[in-house]
Amino acid sequence: MSSLIKHDGVLQGVLLAACSEVLTAALLYVGLLVAGQPVEEHIRWFAICFVPPILLLRHFAKRKEFPIVTKSLIIVLFVTFVAFMFLLFRTKAIAL
């Protein structure tokens, strides 16, 4: 994992953002299952999955040594946020 962070590339940024979001979602999913709560009723809670990529983005933006990783983190964060909002509107978890 440390070698993944030391290189400046698109693949590194995409993997870091996607893996952090998937790991957070998996932990939340398992937590909801263990608590006996229906996942469908708590779909808005999955917004917490955007916190780790935002923290990674802040870290790489402050270092200023990895501009390509920073840009790819921004793109992945934007795409997954739009997909999440589409899911929320589609399931009527939120409405306009």
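Predicted, not measured: the structure shown is a model, and the values here were computed from it.

1. Quick word on the packing of aromatic side chains
Part 1 of the argument: For the structure on display, the rule yields three aromatic pairs.
Part 2 of the argument: Here the aromatic rings of phenylalanine 50 and phenylalanine 81 are separated by 5.6 Å at their centres, their planes lie at 70 degrees, and the arrangement is edge-to-face. Of this pair, phenylalanine 50 sits in the loop between α2 (10-35) and α3 (51-63) while phenylalanine 81 is found in helix α4 (residues 67-90), placing the two residues 31 residues apart along the sequence.
Part 3 of the argument: Three or more aromatic residues joined by ring pairs make a cluster, and in this case those are Phe50, Phe81 and Phe84.

2. Remarks on unusual backbone geometry
Part 1 of the argument: Not every positive phi belongs to a glycine, and lysine 64 is a case in point at roughly 60 degrees.
Part 2 of the argument: Here lysine 64 shows up in the loop between α3 and α4.
Part 3 of the argument: Here lysine 92, not a glycine, exhibits a phi torsion of approximately 60 degrees, which is positive.
Part 4 of the argument: Tracing the backbone through its elements, the reader meets lysine 92 in the segment after α4.

3. Brief notes about the confidence of the model for the protein chain
Part 1 of the argument: Mean pLDDT over the protein chain: 89, with 95% of residues reaching 70 or higher.
Part 2 of the argument: No element of the protein chain has a lower mean pLDDT than helix α1 (residues 2-5), which averages 62, and none a higher one than α2, which averages 94.

Procedures and definitions
- Residues numbered from 1 in each chain as written.
- Predicted model: local features only at pLDDT ≥ 70, side-chain atom pairs only at ≥ 80, totals over all residues.
- Heavy atoms only, no water.
- Phe/Tyr/Trp six-rings, centres within 6.5 Å; stacked < 30°, edge-to-face > 60°.
- Helix = DSSP H or I, 4+ residues; strand = E, 2+ residues; numbered from the N terminus.
- pLDDT = per-residue confidence, 0-100.

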